[in-house]
Amino acid sequence: LHYYELKQIPNFLLAFPVLFYSCLATVDWIKASRKRQKETNVIRWAFSALRQQVSSKASVELSVLLSPNMLGHFAVLAVAALLGLTIAHVQISTRLICSLCPAIYWYLADLVTRQRTIILLKRE
């Protein structure tokens, strides 16, 4: 706990966007997966998501990013974000997530294109 000092505030500010978007991407994937699975029990949902990821009968999604095939990438992102938030040094957490998890880049690209599409549709 002695790490959380005032002199570390700049490091936390630098790590905030990466950790925030990592958590947001994971939550969005989980919401899309639970909506697709229609399960209320978390354990049944996890096994159902694994089963659907292994079987190649995934339905066509609006966003390929939120498809069941991305389970492995988002699981790695979730674990890296959890480690970065809880036990890893804040400087290590950004390097860990940015070098280990391509899902964060895919999510940000998808987020930008979704926003651009919404803006273009509003103009028409």
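The structure we're discussing is the one just above.
Residues numbered from 1 in each chain as written. Predicted model: local features only at pLDDT ≥ 70, side-chain atom pairs only at ≥ 80, totals over all residues. Heavy atoms only, no water.

Engineer: Whenever I open this one, the side chain of T26 confuses me. Can you help?
Structural biologist: Examined against the element boundaries, T26 turns out to sit in helix α1 (residues 9-37). Taking relative accessible area as the criterion, T26 reaches 11% and is therefore assigned buried. Here the side chain of T26 touches S22 through a polar contact of 2.9 Å, landing on its backbone oxygen. When residues no more than four places from it in sequence are discounted, the contact partners of T26 are F74, L77 and A78. (Helix = DSSP H or I, 4+ residues; strand = E, 2+ residues; numbered from the N terminus. Buried < 20%, exposed > 50% of the residue type's maximum accessible area, 1.4 Å probe, protein only. Polar contact = N/O pair within 3.5 Å; in protein donor to acceptor, adjacent residues only side chain to side chain. Contact = heavy atoms within 4.5 Å.)

Engineer: Looking at this structure, I do not really get helix α3 (residues 71-86). What am I missing?
Structural biologist: Owing to its 3.6 residues per turn, the α-helix aligns residues three or four sequence positions apart on the same side. In this model, α3 (16 residues) spans 22 Å end to end at C-alpha, consistent with the 22 Å of a helix rising 1.5 Å per residue. Buried within α3 are the following residues: L71, F74, L77, A80, A81 and G84. (Expected span 1.5 Å × (residues − 1).)

Engineer: Before we go on, may I ask you to explain the packing of aromatic side chains in this structure?
Structural biologist: When we look at a pair of aromatic rings, we describe it by the centre distance and by the angle of the planes. In total, this model carries three aromatic pairs according to the counting rule given. On the basis of an interplanar angle of 25° and a centroid distance of 5.5 Å, the ring pair of F16 and F20 is categorised as stacked. Taken together, the residues F16 and F20, both in helix α1 and four residues apart, mark about one turn of the helix. Take F20: its relative accessible area is 38%, and that puts it in the partly exposed class. Taking 5.2 Å as the distance between ring centres and 75° as the angle between the ring planes, the aromatic pair formed by F20 and Y21 counts as edge-to-face. Aromatic rings pair up to connect F16, F20 and Y21 into one cluster. (Phe/Tyr/Trp six-rings, centres within 6.5 Å; stacked < 30°, edge-to-face > 60°.)

Engineer: Sorry, what's going on with the side chain of N11 here?
Structural biologist: By secondary structure assignment, the location of N11 is in helix α1. Judged by its relative accessible area of 18%, N11 is buried. Of note is the side chain of N11, whose polar atom sits 2.6 Å from the side chain of Q8.

Engineer: In this structure, what is going on with helix α4 (residues 90-100)? I would like to understand it.
Structural biologist: The set of residues buried in α4 consists of V90, S93, T94 and I97. Looking down the long axis of α4, one finds its buried residues gathered within 95° of arc, a one-sided arrangement. Across α4 from its buried face, at more than 90 degrees, point the exposed residues R95 and S99. (Arc of directions from axis to C-beta.)

Engineer: In this structure, what is going on with a nonpolar patch on the surface? I would like to understand it.
Structural biologist: Residues L6, I9 and L13 make up a contiguous nonpolar surface patch of roughly 350 Å² in combined accessible area. By the secondary structure assignment, L13 is in helix α1. (Patch = residues over 30% accessible without salt bridge, like charges linked within 9 Å, V, L, I, M, F, W, Y side chains within 5 Å. Areas by Shrake-Rupley, 256 points an atom, 1.4 Å probe, with all protein chains shown as cover. Salt bridge = Lys/Arg side-chain N within 4 Å of Asp/Glu carboxyl O.)

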